[in-house]
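Descriptive analysis of the structure
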Amino acid sequence: MSSESQKTDDDSSSEPMACTKGDESPSQSSSHTNSSQESHRDTREGCTHLDEEVIEGLVVSCIEKNSPLLLIRSLGAIFSSTDAVAASFRARAVTPIDLLLRKAPQKDLRQLTKEDLRSLEGDLDKDEDSSCAGKETPPEIHETDVDVVGLRRSVKQLFGLDDPEANKPRNTFPVFEPVNNALQTLATSLKMDLEVTTQRDAIEDIIRIFVIVFEVMCISPTEFLEGALTRMASAVVSLPTWAQARLAWIWARNCTPILRPLLESLQQIITLQVIPTMIPVQDNEVIVNATKLMKILYYADILAGEVDPVQLREEDVASAEAGDEDLEATARWSFDDVKFAATAKADALAQEVGVQPVDARRPFLPLAEFYNESLSDTIEMDYDYLNYKNMHMDEKNMNKKFCFMLYSFILTPATKTLALYYDSRIRMYSERRINLFTTHLSGQTPNPYLKLKVRREHLIDDALIELEMITMENPKDLKKQLVVEFMGEQGIDEGGVSKEFFQLIVEQIFNPDYGMFINQDDTNTMWFNSTSFENEAQFTLIGIVLGLAIYNNIILAVNFPMVVYRKLLGIRGSFPDLEDWNPKLFRSLKVMLEDDESDMEAVYMQTFEINYQDVFGNVLRHELKANGRDISVTQENKREFVDLYSDYLLNGAIERQFSAFRKGFRMVTDESPLGLLFRPEEVELLVCGSKEFDFEELQASTDYDAGYTAESPVIRNFWEIVHALPVEAQRQLLEFTTGSDRVPVGGLSRLKMVIARNGPDSDRLPTSHTCFNVLLLPEYASKEKLKLLLLKAISYCKGFGML
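Read on for an overview of the structure. Please read all numbers here as calculations on a predicted model, not as lab measurements. (Residues numbered from 1 in each chain as written. Predicted model: local features only at pLDDT ≥ 70, side-chain atom pairs only at ≥ 80, totals over all residues. Heavy atoms only, no water.)

Here we look at the overall build of the chain
In terms of helices and strands, the chain carries 36 helices and 12 strands. Residues counted as buried form 50% of the 803 residues belonging to the chain. For the chain, the proportion of contacts with a sequence separation of at least 24, taken over those separated by at least 6, is 74%. (Helix = DSSP H or I, 4+ residues; strand = E, 2+ residues; numbered from the N terminus. Buried < 20%, exposed > 50% of the residue type's maximum accessible area, 1.4 Å probe, protein only. Contact = heavy atoms within 4.5 Å.)

Description of the nonpolar core
Ranked by size, the top nonpolar core spans 193 residues in total, and within it Leu-183, Phe-210, Phe-214 and Trp-251 carry the most contacts. Beyond its immediate chain neighbours, meaning those up to four positions away, Phe-210 contacts Leu-190, Leu-194, Met-232, Ala-235, Val-236, Leu-239 and Leu-247. Residues Phe-693, Val-743, Leu-777 and Leu-790 belong to the second largest nonpolar core, which totals 26 residues. (Core = buried A, V, L, I, M, F, W, Y, C linked by side-chain atoms within 4.5 Å.)

Quick look at the sheet that holds strand 12 (residues 774-777)
Sheet strands associate in pairs through backbone hydrogen bonding, adopting either a parallel or an antiparallel arrangement. Taken in spatial order, the four strands line up as 9-10-12-11 in an open sheet, and their pairing is mixed. Looking at strand neighbours, the two that pair on one side only are strand 9 (703-705) and strand 11 (767-769), the edges of this open sheet. If you compare each strand with its neighbour and ignore which way they point, the axes differ by 25° on average. As defined by bridge partners, strand 10 (residues 754-757) adjoins strand 12 across four bridges and the pair is classed as parallel. Note that in strand 12 the partner of Arg-757 across the bridge is Leu-777. (Pairing = 2+ DSSP bridges. Axes fitted to C-alpha atoms, helices over the stretch in contact; angles between N-to-C directions.)

Overview of the pairing of strand 3 (residues 449-454)
Burial along strand 3 is one-sided: Leu-450, Leu-452 and Val-454 are buried, and none of Tyr-449, Lys-451 and Lys-453, which face the opposite way, are. In the sheet, strand 3 pairs with strand 4 (residues 481-486) via six bridges, with the strands oriented parallel. Following the sheet pairing, Lys-453 is matched in strand 4 by Glu-485. In this fold, strand 3 hands off to helix 22 (residues 459-473), which returns the chain to strand 4; that crossover is right-handed. (Right-handed = clockwise from strand over helix to strand, strands pointing away.)

Thoughts on the packing of aromatic side chains
If you walk through the whole model with that rule in mind, you get 33 aromatic pairs. When the centroid spacing of 6.2 Å and the interplanar angle of 90° are considered together, the rings of Phe-370 and Phe-409 count as edge-to-face. Placement of Phe-370 in the loop between strand 2 (360-362) and helix 19 (373-378) and of Phe-409 in the loop between helix 20 (381-393) and helix 21 (413-442) is noted, with a sequence separation of 39 residues between them. The exposure class of Phe-370 is buried, given its relative accessible area of 0%. Given a relative accessible area of 5%, Phe-409 falls into the buried group. Each ring, one from Phe-575 and one from Phe-586, has its centre 4.9 Å from the other, and the planes form 25°; the classification is stacked. With Phe-575 in the loop between helix 25 (562-568) and helix 26 (578-581) and Phe-586 in helix 27 (residues 583-594), this pair connects stretches of sequence that are 11 residues apart. By way of ring pairs, the aromatic residues Phe-510, Phe-517, Trp-527, Phe-528, Phe-539, Phe-560, Tyr-565, Trp-581, Phe-658 and Phe-661 are connected into one cluster. Its end group placed over the ring of Phe-486, Arg-456 keeps NZ or CZ at 4.2 Å from the ring centre. (Phe/Tyr/Trp six-rings, centres within 6.5 Å; stacked < 30°, edge-to-face > 60°. Lys NZ or Arg CZ within 6 Å of the ring centre and 35° of its normal.)

Right, here's the structure in full:
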C-alpha cells in the first residue's frame, strides 16, 4: 500500500484531496474487485463531492476508527462549498435498460430486442408527458439531475435515522451542528453569488444546490430551524422569478416528502419572530424571507396536486361579454372599464409556473395549512393596505415596503376580510369627497350615498328599479356607501337597516316561486333557472346585490354550490364540480369512466344527446355535439361525453343567466382586491359567513355597559338561558341583536356584542340596536321572566323592535 493511502484521520493538517470515483489511480483501477476497500480508502483521503458510496465510506471509516473527525471535516468542507455541493448526488439519465430493470428485474438482459427498446422508450415518453399533463409547461422545467432518492437515503444514514429501505451502517456520531454551520456559510455564499450572477447555467447549479440542501435540512428540520434554514430562506428569495418557478416545479415533481416539514418549519420561524417583535412584521427581514420562500412552496404544493387545465380559465370575461346588445339596450351600462382584480395584475411567479391559485382543485397539502394565525392576529392591516396602495400608485418606486396582501395565502380569511373592509371604506370615502366637490362646483344637490328607498310590500320591484336607474345614470354610484330607507318607517340606517334589507331581498329573490333560481333537493343549494322568463338585466341586478353585500361587509343567507364562486373568479365549471353540484350524477358518470371492460353501447345505451326536465316538468333534449343523437358513447369517446355533458350543465345551459349575473357582480367588485385575496372557498365564506356556531366565543367577546358586568345576576342568567336554547332560537337571538343570523368570517368572537342595562325590572321586552350590535336588557328580577320575555322578543322581531 502506498504511503499516501496510509494517511490517517488524525492527519488534520492536510487539506482534503479530490478523490471522487472518477479520480482513481492506475493501480486502483487494476484492482476493481476490491472496490469497497478502495472506496473506504478514498474517503480517508478527502472528497470534492458526496454521493451514496462516498457517504457510506465515510460512515464506515468513522465507525472503524471510532472517531467522527473525518466525517465532520469532510461534511464541513463540502457543505460550505458551492462547487462541492453542486457536484454532489448527480443522477445519470434514465435509459430503456433502467426502465426494464425497474419493471422486470428478473428478465435476462441478453434477451432484450429492438422491439423491447422501442416499447420501453415509448413508455418513458408517456411517463414524461403525463407528469405535466394539464399544466401546459415544458417537461424540462421540472426535471433535475439530482439523485433525490439516493440523497434521501444517504442523509438518513448520515444522521443516524432509521431507513427500512436501506440495509446500511448508520452513523452514531453527532453531525447536525457542523452541517448546520457549514450550510449557513453556504447560504451566505449563495446570496452573494445571486447578487452578481445572471448566467442561466450558473443559476441552474444554484437551483440544484437548493434542491440538495433543503432535502438535507428537512430530514430533521428542528436541528436547522434557527440557523441554516433562516439563512437559506434569505438566499432562495434572491433567485430570479424563472428560477423560483423551476424550484417549485422540481419540488412538486421530485421532492413532495419535504413539503410538509418545510412548511411547518417556516411557520415556526414566522411564529417565533412574531411573538417578541416590536416593529411592524412587514419590516422584519426574517419573516419577510420566510414568507417569500413559503410562496415558492405554495405553488409547489398546488403543482403537486390536482390542477384544473388552463383551458377552463376565462381571463377577461368582462371585455369578452361587452358585446351583449340585449343587455346593453336594456340597461345601457358600459363595461369597458370593468377589470376584475383577479386577472388585472397577474402574479409574476404564477405566470412562470403556469398556474393560478384558483386553478388548484386538490393540492398536495390543504391550502388552509399555509395560514399563520399568529401573524394574522399581529399584523396591522391598515399599514399593510397602505403599502399595497403605494405599490399601485408608484410602481417604479424602488423603496417599496413589503405587503402581505400580495402573499395572501398566509393570512386567515378573517384578516383578509379586514383588508377588503379597508379597501371598500376608502373607496366609499373617496366617492363621497368627489361627489361633494363636483356638486359644489356645479351647484347641484349633493348625493354622497347610494340611497335606496323601498317599500316592504314591493321590496324586489323597488330595489331592482332603483338599482337599474342608478346604473343607467352613473354606475360609479355603486361604489358609494349604501343607505337603505323603508318608506313609511322611521329610523336612520347605520348598518342595521341595510342588513335587514339584504336579508329580506335574499329570502324573496331566491325563493323558487320567483322563478329566477331553483332549489336542488339533493344538495339543498340554489341554481340558476335555465328556462327563466326573466331577462338578462334582472340577473345582472341580482349580481349587483351580491356585490353590494360584499362591498358593504354584509353576510347573506345564500346557499350556492362551490362552482358558482369558481365561475365568479373566472374558472368554468367542469366534471369534478358535479360532485358538489349533483352528487348522484357525478357518481354515475364516474362509474362510467372507471368501467374499462363493458361494451358501452350495449350496457349504457347512451348517445351524445341528453334529456333533462325544466321546472315545469317538461322533458327537453339537447345534442352535446353535431348529430349527437346518432353518436353512441363508447370506450373511446366516453371522456369526451362526460366533459361535454358537464360543460353543458354547468356552463352552456345557464350561459345567458350567469353571464349577466357575473357582470352585475363585477360592476361592484371590479376594482377591489377580492380576486387577489380570496380563493373560491374563501369567497363563499365571505358571502355566507362561517359555519362555526359557537356561543361560547360570543360570550367571551361580549362587552357590558350601563351598570352590567359579566358577574351581574341577570347576565349570568342570560347566558345560561342562551346556551340551553336550540340552534334555531340562537339564530333568532343573533338576528334580533345584530340584524343577521349569519356568523361572520372568523367566528362569533368577531361580532363584539354589547349588553347594556335598560332600566330596572319591568315588563318591557328586550330591544336592540342592530347597527351597533347592542342588546338592551332590563334588569329582570327572575330567570323565568327573563327567558319568557327574551323568547317573545326574538320570535316577533322582524319589521319592528330593531332600531
